[in-house]
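# Topology and contacts: notes
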Amino acid sequence: MPKSSKDKEQKAVRTRGAQPPRKRKRKKKKHPVLFSIFLAFFCLFVSGMLTVLIVGTSVLSYVKTVVNGDVIVNLDNYKSSQSMTSIMYYYNSNGKPVEATRLHGEENRIWVNYDKMPKNLLWAFVCLEDKRFYEHSGVDWIRTIGVLVKPSLNGQGGSTITQQLIKNLTDQKDVTYIRKFNEILRALNLEKYYSKKDILEAYLNTVYLGAGCYGVKTAAETYFGKSVSKLNIAECAMLAGITQAPYSYNPYVNYDMAVSRQKDCLYYMHQQGKITDKQYQKALKTKIKLVSQKEDDNSSTSSNHIYTWHEEYVIDQVIADLQSKYGYEYNEAWRMVYYGGLKIYSAVDKSVQDTLGDIYENKTGFPYASKDSRDQYPQSSMTIMDYKGRIVALVGGTGKKTANRSYNRATDNRAKRQPGSSIKPLGVYAPAMDLGLISPTSMILEKAINLNGMTWPRNFNGDYGSGSYITVQEALVRSLNTVPVRILNEMLGVKSAFEYANEHFHLNLSSNDMDLSPLAVGGTNTGVTTLEMAAAFATFGNGGKYYKPYSYYKVLDRNGKTLLDNTKNEPEQAIKTATANSMLSMLTKAVTQSNGTGYGSYISGFQTFAKTGTTSDNCDKWYCGGTPHYVSAVWYGYDYRADLHTGSSNPSKTIFREVFSTIHKGLESKTFADVIEETGGEKSDANILVSTNPVVITESDTTEEVRTTESTTRRHTTEASTTKPRNTTEPTTATTTAPTTTAPTTTAPTTTTTEPLTQPPTTEPPTSKQEPSSSAENPGE
């Protein structure tokens, strides 16, 4: 009997029930670490793309601005500054301009117009250097990309003639991507303003072709003894071949290599269809005849005239000022000065410059000096100015000047040397007095400080001070190191002192010099020049005004238009007039008092003020000071750090006396009160010594406390002498009477730290963050 459907159904149910239950699919969870990594990479990618977009937009904006902006390299200026001689003038005693010298460039170049050049010469350079010159817009992108992929293409680089012209005119030849990028932009800019004809003409007149020749005209005359228009195809090709390596392909140096390169050029000219088969074969067979090489072909072809130190500085300043005012590249300004037909009116006093140059050339009055272990004599430099910024005279070295553009120790930044104690008036005394912290009669403890566990500084003779209280004036006159360090550390602060040194006196010190040693005793990292020091010390003689130094009055272009003008040299008030007068009075006593470091340098018949300086290990000697007529700074030392073996004597002081005694002969009587009036101050403000005789400070001029201090510390006097120097022009103290004028007065300080101190401070003075530099570990005076 068949099973019923109900039975079948029950059996099926039982069968299914016997099977295991089905597993449900689980959702996969996100791995937290992998997800974080992905998210980080995604964020970096997005930020990277945004950065690329922002930078790309900025670069494109910069490119557009440069390429479509004003012309960057002005070919018209270059062309006009190639053929006319510039002349420098000076003013004589009658105020009339007199020609001093004609400027001769160090490059042998003469400009020749495009139309005067043979076609074969033009094609020789184009075919060899830039075959798509007439097709591209300044940059040959095919060659540029090819050079990036492969360093060279058949010996050709990626630069077009336009780019090479940019390089020649700007003299920017460093191999960097930034320089190349800017070169490309300038080339694109140049071609928007000038025709191919103008660009090729400028290139052929500025390209260097060996043997001191710039441009095809001088090269044709030098190598072949003929004008450019007379060159044959073979000669044209040889000149073009020199371009890539002016020394290696110079036919005087390596004739065979020059001929090999010439043949390459002829091949390209023939291949590009610029010469026929017949011309090509003839040129290959043409024997190049060189004219005899002159002895000076590999040197400057300029005149044998040697510029004075002052003339060279005028040239440097005019070049720098043209760059600053008009944005010229150095080469553009340089060419304008030498070839632009300028009229330059120098501020030199020719009589003073001639005297200074003669004394330095013959070392007249210089102290005896022997050679050192390097077989070298000591060197010296000196700058002389008036009190309104005019550089009257300067000299950058001793002995006969035998070369142009030589190392100028008076102005060159490479010649900066530590000033030693000559910085004290600028870094400590004048700033502290200007801020009302001290006066000439303030009493300061003459004792070294405890600086980070060490006793510092020592005075010139090696002691750490007397432990007594002395006046500021006495400390400056004797050039003690302990007192300015205390003033700087306890009252003034290095920040204020550094601000005065750089922003008021313009010494251009580095940030590393914002510390006790550089500002108080002259152990600077940067150093100073005699030009900087002379300009700074002028403020003490003119009522506190700082004038920017200038070496020329004005410069006119070839059409008579004024390009540069220093005739309106406006001053800035560096320090108060009262401060300047007080400083002048103290610095005058440094010359007239027998214990002053400037004693013996008095210029007979004229008020004289000074501050001397000696660096550690007796390496550098300074003398900064002047008379109502002139202010100056003198440096003496080796061109490297070495002991001068001069002891306590100061050759710079001797040199100053020799120079100033000579240049003051016949000068009219003048006082510093007159100087202040001439520079715009009130004559009544000049509360300073007006006598033309040196002052003798007697016991009656000092307080009882000062007399006691002086008697206990006289043995610490630096560079002092108890006997009169052997100088017949010096007035003797025995026959001189002290004037009745009193020392200048200053406003009484309002803080307790600036009152005359009767006892040591009750607290330990603050310490500097930095140890004194090694250069001032054993500082000089």
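Because the structure is a prediction, the values reported are computed rather than measured.

Moving on, we come to the overall build of the protein chain. Per the secondary structure count, the protein chain includes 25 helices and 18 strands. Within the protein chain, buried positions represent 52% of all 781 residues. Summing over all exposed atoms, the protein chain offers an accessible surface of approximately 37400 Å²; the carbon and sulfur share of this is 51%.

Think of it this way: side chains of opposite charge can pair up when their charged atoms draw near. Under the defined criterion, the tally for this structure stands at 20 salt bridges. Measuring nitrogen to oxygen at the nearest pair gives 3.4 Å for the salt bridge that ties Lys371 to Asp375. The class of Lys371 is partly exposed, set by a relative accessible area of 41%. Between Asp617 and Arg641 there is a salt bridge; the shortest N-O distance is 3.7 Å.

On to the nonpolar core, then. If you look at the biggest cluster of nonpolar residues, it comprises 94 residues, and the most contacted ones within it are Met382, Ile384, Ile487, Leu507 and Phe540. Each residue touching Phe540, except ones within four places of it in the same chain, is listed here: Pro425, Leu426, Ala430, Phe505, Ile575, Ala580, Met583, Leu584, Leu587 and Phe609. Counting 56 residues, the second largest nonpolar core, distinct from the first, contains Leu128, Phe224, Cys265 and Leu266.

Let us now look at the packing of helix α16 (residues 424–434) against helix α22 (residues 577–592). Across the interface, α16 lies against α22 with an axial gap of 9 Å and an inter-helix angle of 130°. With respect to each other, α16 and α22 are oriented oblique. The handedness of the crossing between α16 and α22 comes out as right-handed. Contacts from Pro425, Tyr429, Ala430, Met433 and Asp434 in α16 reach Thr579, Ser582, Met583, Met586 and Leu587 in α22. The residue makeup of the contact of α16 with α22, split by class, is 7 nonpolar, 2 polar and 1 charged.

To continue, consider the sheet that holds strand β1 (residues 87–91). The 5 strands are arranged β2-β1-β5-β13-β14 in an open sheet whose pairing can be described as mixed. Each end of this open sheet is capped by a strand with a single partner; those strands are β2 (97–102) and β14 (562–565). Ignoring strand direction, the axes of neighbouring strands in this sheet form an average angle of 20°. Across 5 bridges, the pairing between β1 and β2 is antiparallel. Bridging from a neighbouring strand, Met88 pairs with Thr101 of β2. Against the sheet, helix α13 (residues 309–326) contacts β1, β2, β5 (343–346), β13 (552–556) and β14, and its axis sits at roughly 110° relative to β14.

Enumeration over the complete set of coordinates arrives at 22 aromatic pairs. For the pair Trp123 and Tyr134, a centre-to-centre distance of 5.7 Å together with 55° between the ring planes defines the contact as tilted. Note that Trp123 is positioned in helix α4 (residues 119–129) and Tyr134 in the loop between α4 and α5 (141–149), a separation of 11 residues in sequence. A residue is classified by how much of its surface remains accessible, and Tyr134, at 39% relative accessible area, is partly exposed. Ring geometry for Tyr223 and Phe224: centres 6.2 Å apart, planes at 50°, overall tilted. Ring pairing ties together the aromatic residues Tyr89, Tyr91, Tyr345, Tyr550 and Tyr553, which thus form one cluster. Positioned over the ring face of Trp309 is Lys401, at 5.1 Å from the centre of the ring. Seen from the ring of Tyr345, Lys554 lies directly overhead, with NZ or CZ sitting 5.3 Å from the centre.

A surface patch of nonpolar side chains, about 820 Å² in accessible area, is lined by Phe38, Leu39, Phe42, Phe45, Val46, Met49, Leu50 and Leu53. What makes Phe42 partly exposed here is its relative accessible area of 46%.

Strand order across the open sheet formed by 5 strands is β7-β6-β18-β17-β16, with antiparallel pairing between neighbours. Strands with a single pairing partner mark the edges of an open sheet, and in this sheet they are β7 (391–395) and β16 (609–614). Adjacent strand axes in the sheet meet at a mean angle of 5°, parallel and antiparallel pairs treated alike. Relative to β7, strand β6 (residues 379–385) is paired through 4 bridges, and the arrangement is antiparallel. Looking across to β7, one finds that Ile384 is bridged to Ala393.

β7 sits mainly inside the fold: 5 of its 5 residues count as buried. Where β6 folds back onto β7 in an antiparallel hairpin, the turn is made up of 5 residues, including Gly389, whose phi is positive at roughly 95°.

Further remarks concern the packing of α16 against helix α18 (residues 482–492). Axes are the key here: two packed helices are described by the angle between their axes and the distance separating the axes. Close contact between α16 and α18 brings their axes to 10 Å; oriented N to C, the two are set at 50°. In this view, α16 runs oblique relative to α18, as classed from their interaxial angle. Here α16 runs over α18; the crossing is left-handed. Side by side, α16 and α18 meet where Lys424, Gly427, Val428, Tyr429, Pro431 and Ala432 of the first sit next to Val483, Pro484, Ile487, Leu488 and Leu492 of the second. Here the residues of the contact of α16 with α18 sort into 9 nonpolar, 1 polar and 1 charged.

Looking at the element boundaries, Asn595 is found in the loop between α22 and β16. Residue Asn595 is classed as buried on the basis of its relative accessible area, which comes to 5%. At a separation of 2.9 Å, a polar atom in the side chain of Asn595 contacts the side chain of Glu474.

Our next topic: the pairing of β6. Judged by how many residues are buried, β6 sits mostly within the fold: 7 of 7 residues are covered. A two-sided burial pattern is seen for β6, the buried positions comprising Gln379, Ser381, Thr383 and Met385 on one face and Ser380, Met382 and Ile384 on the other. Note that β6 and strand β18 (residues 631–637) share 7 bridges and pair antiparallel. Each bridged residue has a counterpart across the sheet, and for Ser381 the counterpart in β18 is Trp635.

Another point: the side chain of Ser86. Among the structural elements, Ser86 can be located in the loop between α3 (75–80) and β1. Looking at Ser86, its side chain comes within polar contact range of the main-chain nitrogen of Leu342, at 2.9 Å.

Cis geometry marks the peptide bond from Trp456 to Pro457, where omega comes out at 0°. Residue placement: Pro457 occurs in the loop between β10 (454–456) and β11 (465–471). One non-glycine residue, Lys363, adopts positive backbone phi at about 55°. Tracing the chain through its elements places Lys363 in the loop between α15 (350–362) and β6. Looking at Lys363, the relative accessible area reads 34%, which means it is partly exposed. For Ser479, which is not glycine, the phi torsion reads 55° and is therefore positive. The residue Ser479 is located in the loop between α17 (472–478) and α18 in this model.

A few words on helix α23 (residues 651–663). For α23, spanning 13 residues, the distance from its first C-alpha to its last is 19 Å, which sits close to the expected 18 Å at 1.5 Å a residue. Of the residues making up α23, those classed as buried are Pro651, Ser652, Lys653, Ile655, Phe656, Arg657, Val659, Phe660 and Ile663. N-cap assignment for α23: the residue whose side-chain oxygen lies 2.9 Å from the backbone N of Ser652 is Asn650.

What counts and what doesn't
- Residues numbered from 1 in each chain as written.
- Predicted model: local features only at pLDDT ≥ 70, side-chain atom pairs only at ≥ 80, totals over all residues.
- Heavy atoms only, no water.
- Helix = DSSP H or I, 4+ residues; strand = E, 2+ residues; numbered from the N terminus.
- Buried < 20%, exposed > 50% of the residue type's maximum accessible area, 1.4 Å probe, protein only.
- Areas by Shrake-Rupley, 256 points an atom, 1.4 Å probe, with all protein chains shown as cover.
- Salt bridge = Lys/Arg side-chain N within 4 Å of Asp/Glu carboxyl O.
- Core = buried A, V, L, I, M, F, W, Y, C linked by side-chain atoms within 4.5 Å.
- Contact = heavy atoms within 4.5 Å.
- Axes fitted to C-alpha atoms, helices over the stretch in contact; angles between N-to-C directions.
- Parallel < 35°, antiparallel > 145°, perpendicular 65-115°, else oblique.
- Left-handed = near helix turned anticlockwise from the far one by under 90°.
- Nonpolar A, V, L, I, M, F, W, Y, C, P; charged D, E, K, R; others polar.
- Pairing = 2+ DSSP bridges.
- Phe/Tyr/Trp six-rings, centres within 6.5 Å; stacked < 30°, edge-to-face > 60°.
- Lys NZ or Arg CZ within 6 Å of the ring centre and 35° of its normal.
- Patch = residues over 30% accessible without salt bridge, like charges linked within 9 Å, V, L, I, M, F, W, Y side chains within 5 Å.
- Polar contact = N/O pair within 3.5 Å; in protein donor to acceptor, adjacent residues only side chain to side chain.
- Expected span 1.5 Å × (residues − 1).

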